[in-house]
Amino acid sequence: MKLSRFAAFASSLLLGSVLALTGAGAAQAAESAGLDYVALGDSYSSGVGAGSYDSASGDCKRSTKAYPRLWANANAPSSFAFTACSGAVTTDVTTKQLAPLSSATDLVSITVGGNDAGFADVMTTCVLQSESTCVSRVNQAKAYVDSTLPARLDAVYDAIRAKAPAARVVVLGYPRFYQLNGSCVAGLSETERAAINSGSDYLNAAVAKRAADHGFTFASVVPAFTGHEICSGSSWLHSLNWLSIGDSYHPTATGQSSGYLPTFRNAA
């Protein structure tokens with residue numbers, strides 16, 4: 001008899017927990033369903049490297065496996081506008097991507113700044129030229145981040161806030177690209193890999209500072225990608241790919257779903 005009463009009590013507790021969780025999930029889904037969400041930014045937002053590109057997006061290469069699309073699929077917001085575009089710099093965001101924003105916009109995500117700082121040229125220089133030239137090019141990019149990028153980020157963030165005054169804005173950063181002393185036996189030197197990682201950290205710090213000064217939420221993806229950098233043996237980033245050069249140094253589909261998506265979800 002006592003065992004039966006205990007089993008009944010335990011069952012009621014379990015049922016109550018399930019109902020509570022179900023209710024919380026339903027409440028979260030209902031809240032998301034009322035959101036108007038706009039996804040802005042560069043190739044790290046559009047999903048370059050993840051494949052499955054929407055043909056209608058053309059050279060912008062917006063992927064159905066990019067974190068904005070994955071979040072929208074899971075949360076069914078009342079509206080979703082995806083204007084992020086491969087290769088975008090800050091001025092591209094302000095001139096080409098902000099049309100969907102309005103006073104009704106509730107949530108905005110964005111990655112931008114890497115192309116302004118010359119990310120593609122840094123990687124090309126490091127792959128094709130000497131170690132000292134690579135380090136010098138990274139330092140040149142850092143100087144740009146100090147001198148010019150803050151004002152460019154301010155212009156983007158001011159424009160977003162002006163068009164979407166009530167929105168929660170989540171600014172996502174960039175991963176570190178290499179696991180140092182990892183599994184790579186060829187390619188860049190450890191000095192070059194460390195310099196590139198340092199450049200990424202430098203860029204992230206500048207973006208985080210400008211985002212905070214505008215009252216936006218900065219979400220670092222570095223923790224999510226730790227252990228999954230190039231040379232980790234379990235990389236969520238494409239290394240240099242001569243057959244599909246545009247994919248190089250971009251997140252894979254897993255990098256989007258297991259790196260960017262949970263980082264954005266936690267911040268949003």
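Read on for an overview of the structure. (Residues numbered from 1 in each chain as written. Predicted model: local features only at pLDDT ≥ 70, side-chain atom pairs only at ≥ 80, totals over all residues. Heavy atoms only, no water.)

Considering the overall build of the protein
Argument step 1. Scanning the protein from N- to C-terminus turns up 10 helices and five strands.
Argument step 2. A total of 268 residues make up the protein; the buried ones form 46% of that total.
Argument step 3. Considering only contacts within the protein whose residues lie at least 6 apart along the sequence, 72% involve residues at least 24 apart.
Argument step 4. Counting every atom, the protein has about 12300 Å² of accessible surface; 57% of that belongs to carbon and sulfur. (Helix = DSSP H or I, 4+ residues; strand = E, 2+ residues; numbered from the N terminus. Buried < 20%, exposed > 50% of the residue type's maximum accessible area, 1.4 Å probe, protein only. Contact = heavy atoms within 4.5 Å. Areas by Shrake-Rupley, 256 points an atom, 1.4 Å probe, with all protein chains shown as cover.)

Observations concerning the environment of alanine 143
Argument step 1. Note on placement: alanine 143 falls in helix H6 (residues 131-147).
Argument step 2. Given a relative accessible area of 40%, alanine 143 falls into the partly exposed group.
Argument step 3. Residues alanine 143 and alanine 117, 26 residues apart in the sequence, show an inter-C-alpha distance of 9.0 Å.

Concerning helix H4 (residues 90-97)
Argument step 1. By the burial criterion, the buried members of H4 are Thr90, Asp92, Val93 and Gln97. Looking straight down H4, one finds its buried side chains confined to an arc of 160°; they lie on one side.
Argument step 2. Close packing links the buried residues of H4 with strand E1 (36-41), strand E3 (107-111) and helix H7 (149-163). (Arc of directions from axis to C-beta.)

Examining the state of the cysteines
Argument step 1. Considering all chains together, one arrives at three disulfides under this definition.
Argument step 2. Between the sulfur of cysteine 126 and that of cysteine 134 lies a disulfide, 2.0 Å long from S to S. One disulfide, between cysteine 126 and cysteine 134, carries an S-S torsion of 80° and so falls in the right-handed class. As far as burial versus exposure is concerned, cysteine 126 and cysteine 134 are alike and both buried.
Argument step 3. Through a disulfide, cysteine 184 is tied to cysteine 231; the S-S separation comes to 1.9 Å. In this structure, the disulfide formed by cysteine 184 and cysteine 231 twists by about -100° around the S-S bond and is classed as left-handed. Of the two residues, cysteine 184 is situated in the loop between strand E4 (168-172) and helix H8 (190-213) and cysteine 231 in the loop between helix H9 (222-225) and helix H10 (253-267); the sequence distance between them amounts to 47 residues. (Disulfide = S-S within 2.5 Å.)

Topic: the pairing of E1
Argument step 1. Within E1, five of the six residues are buried, which leaves it mostly tucked inside the rest of the structure.
Argument step 2. Two elements, E1 and strand E2 (residues 79-82), share four bridges in a ladder whose sense is parallel. Its bridge partner lying in E2, valine 38 is registered against alanine 81.
Argument step 3. Across five bridges, E1 lies against E3 in parallel orientation. Across the sheet, residue glycine 41 finds its bridge partner in E3, namely threonine 111. (Pairing = 2+ DSSP bridges.)

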